[in-house]
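# Chains, contacts and geometry: an overview
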Amino acid sequence: MHIQNPYSTSTPNTLCLGRENILSALEQAWSNNRKPKPFSLLIGHRRMGKTSIILKAQKQLKEIHIAFVNALHLASSKDTVDVIQGICWSIEDDLKTLAAPDEKALTEDPYNAFQIYLQSVIEDLRVTSIVIVIDEYEKLGECLEKGILEPDFLRRLRKITDSIPEVHFAFSGLHTWEETFPKSDIKDIIVTPVGLLTLNDTKRFLATSIADQPVEWDDEAMERIFQLTAGHPAISGLIGMCLIHALNDQNKTGAKKTRLTVKDVDTVISNGKVFSSGQYIFSGIWQQAGRNISGQQDILKALSTYPSGVDLGILKSAIDLETQAFESALAKLRQLDVIKLEAGHVYIAVELFRCWILRQ
């Protein structure tokens, strides 16, 4: 008996279970055509499911037409014309609408040409709301820093939304607005954090994903996964994926096991399958902690030796960082749900990530 594996580390929570409140908040923000219309920002660590939420919104929010722009594809742009044309191409592809303006049409005044294009798209589709979501939006910050975009790029986008109330710009990434655009004078941003799932939502994700397969979860096994992952969707899905692989391997020998237990969970952890299969997830969290704000990896190395966490004062004394640097690094790790601080006690949020650090 072969069981189809519904879990994937590339799309950790395609069902978006546990994200209903986020989808509802986005719908409310994106349906509001008031002026001035604020930008909105989805913020959370990599592999938390931000892109899954956007893709779910594309399917679920029928009254809102969403164009998804991957800013990684804009990073090689040479100027504003290139960037705006790339955004227009995404609008054309996602909304199945009018052809994007060519470079000649954009060259004289790219913002005016962009505004005319958006107005034409609204008329073509006869819609009341278009949302342009720019994922990996930090790349726009890099373009501004390099001079590829003019300093008033964001302000010009805001002017477009003021002129066309049906249009809304949303951004998605793992850095705050202030970190990405330190010189921006735009402050009215609707910020929506995307963090760890609750215990109940982790159970829903694990159970619902495999509901159409002849497999059952022991409740204790799902609770064990939550204990190890703190509700991290990608790492929860990683364990589920490894468990189904192991189940299929057992069944090749003639076994007919269909129930997942705590013992099964502990086995795929102890034999290293989870760490090897999820290497890029763990290393991605680690590498991100080595960027932008120094001291984050120092904190994680020190914390990894404390399974139950440690007093904040003890941690600070164990790390050779000045107070301001220590506090900045700590704040960034907390913002991205990498660590937790409760009543002066600090610990790594995801137990499996702590174990991964120790294995390096």
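Residues numbered from 1 in each chain as written. Predicted model: local features only at pLDDT ≥ 70, side-chain atom pairs only at ≥ 80, totals over all residues. Heavy atoms only, no water.

### As for the sheet that holds strand β2 (residues 65–70)
Spatially, the five strands line up as an open sheet ordered β2-β3-β4-β1-β5, and their pairing is parallel. Looking along the sheet, the strands with just one partner apiece sit at the ends: β2 and β5 (189–193). Going across the sheet, the axis of each strand differs from the next one's by a mean of 20°, ignoring polarity. In terms of strand pairing, β2 meets strand β3 (residues 130–135) through six bridges, oriented parallel. Among the inter-strand pairings, Val 69 is bridged to a residue of β3, identified as Ile 134. Across the sheet, helix α5 (residues 110–125) is in contact with β2, β3 and β4 (167–173); its angle to β3 comes to roughly 130°. (Pairing = 2+ DSSP bridges. Helix = DSSP H or I, 4+ residues; strand = E, 2+ residues; numbered from the N terminus. Axes fitted to C-alpha atoms, helices over the stretch in contact; angles between N-to-C directions. Contact = heavy atoms within 4.5 Å.)

### Details of the side chain of Ser 129
The topology assignment puts Ser 129 in the loop between α5 and β3. Residue class for Ser 129 comes out buried when judged on its relative accessible area of 3%. Within the structure, the side chain of Ser 129 is placed 2.9 Å from the backbone oxygen of Trp 30, a separation counted as a polar contact. When sequence neighbours within four positions are dropped, the list of residues in contact with Ser 129 reads Trp 30, Glu 63, Ile 64, His 65 and Glu 166. (Buried < 20%, exposed > 50% of the residue type's maximum accessible area, 1.4 Å probe, protein only. Polar contact = N/O pair within 3.5 Å; in protein donor to acceptor, adjacent residues only side chain to side chain.)

### What to know about empty space enclosed by the protein
Empty space among the atoms can be located by rolling a probe the size of a water molecule over them. Counted according to the given criterion, the structure contains three cavities of 30 Å³ or more. One number sums up the size of the largest cavity: a volume of about 70 Å³. In terms of lining residues, the largest cavity is bounded by His 45, Met 48, Leu 196, His 232, Ile 285, Leu 336, Asp 337, Val 338, Val 350 and Phe 353. For the lining of the largest cavity, the class distribution of residues is seven nonpolar, two polar and one charged. (1 Å grid on protein atoms, 1.4 Å probe; cavity = no way out; pocket = protein on both sides within 12 Å on 5 of 7 lines; lining within 4 Å. Points joined across faces, edges and corners; volume = space filled by probe spheres on them. Nonpolar A, V, L, I, M, F, W, Y, C, P; charged D, E, K, R; others polar.)

### Remarks on the layout of surface pockets
Counted as a void, the largest pocket has a volume near 700 Å³. Forming the boundary of the largest pocket are 27 residues, of which Gly 141, Glu 142, Thr 180, Phe 181 and Pro 182 lie nearest the centre. Ranked by residues supplied to the lining of the largest pocket, first place goes to helix α6 (residues 138–146) with six residues. Here the residues of the lining of the largest pocket sort into nine nonpolar, six polar and 12 charged.

### Considerations on the nonpolar core
Core analysis: the biggest nonpolar cluster contains 76 residues, and Trp 30, Trp 217, Ile 239, Leu 300, Leu 315, Leu 352 and Phe 353 have the highest contact counts within it. Ranked by the residues each element gives to this core, the list is headed by helix α11 (residues 233–252), at nine residues. Excluding anything up to four places from it in sequence, Leu 352 contacts Leu 228, Thr 229, Ile 235, Ile 239, Ile 269, Val 274, Phe 275 and Phe 282. Counting 44 residues, the second-largest nonpolar core is a separate cluster that includes Leu 106, Ile 134, Phe 171 and Ile 186. (Core = buried A, V, L, I, M, F, W, Y, C linked by side-chain atoms within 4.5 Å.)

### Some thoughts on the packing of α5 against helix α7 (residues 153–163)
The axes of two packed helices give the description: the angle between them and the distance between them. At a minimum axis separation of 11 Å, α5 and α7 run at an interaxial angle of 35°. Between α5 and α7 the crossing geometry is right-handed. Along its contact with α5, which presents Tyr 111, Phe 114, Gln 115 and Leu 118, the element α7 presents Phe 153, Arg 156, Leu 157, Ile 160 and Ser 163. Within the contact of α5 with α7, the residues separate by chemical class into six nonpolar, two polar and one charged. (Left-handed = near helix turned anticlockwise from the far one by under 90°.)

### Observations regarding the environment of Gln 296
Take Gln 296: it is sitting in helix α15 (residues 296–303). Separated by 93 residues in the primary sequence, Gln 296 and Lys 203 place their C-alpha atoms 31 Å from one another. Dropping the residues within four chain positions of it, Gln 296 is found in contact with Gln 288, Ala 289, Arg 291, Ala 329, Lys 332 and Leu 333. Reaching out from Gln 296, the side chain makes a polar contact with the backbone oxygen of Ile 293 at a distance of 2.9 Å.

### Quick look at the packing of helix α14 (residues 279–288) against α15
Between α14 and α15, the least distance of the axes is 8 Å, while the angle of their chain directions is 125°. One finds that α14 runs oblique with respect to α15. Note on element contacts: α15 touches α14 through Gln 296, Gln 297, Leu 300 and Lys 301, opposite Trp 286, Gln 287 and Gln 288. Here the contact of α14 with α15 is composed, by residue class, of two nonpolar, four polar and one charged. (Parallel < 35°, antiparallel > 145°, perpendicular 65-115°, else oblique.)

### Let's talk about unusual backbone geometry
One non-glycine residue with positive phi stands out, namely Arg 47, at about 75°. Positive phi outside glycine occurs at Asn 292, with the angle close to 65°. Topologically, Asn 292 is positioned in the loop between α14 and α15. For Asn 292, a relative accessible area of 65% gives the class exposed.

### Some remarks on the confidence of the model for the protein
When the pLDDT values of the protein are averaged, the result is 92; 98% of them are 70 or greater. For the protein, per-element mean pLDDT is lowest for strand β7 (residues 259–260), which scores 90, and highest for helix α10 (residues 219–229), which scores 98. (pLDDT = per-residue confidence, 0-100.)

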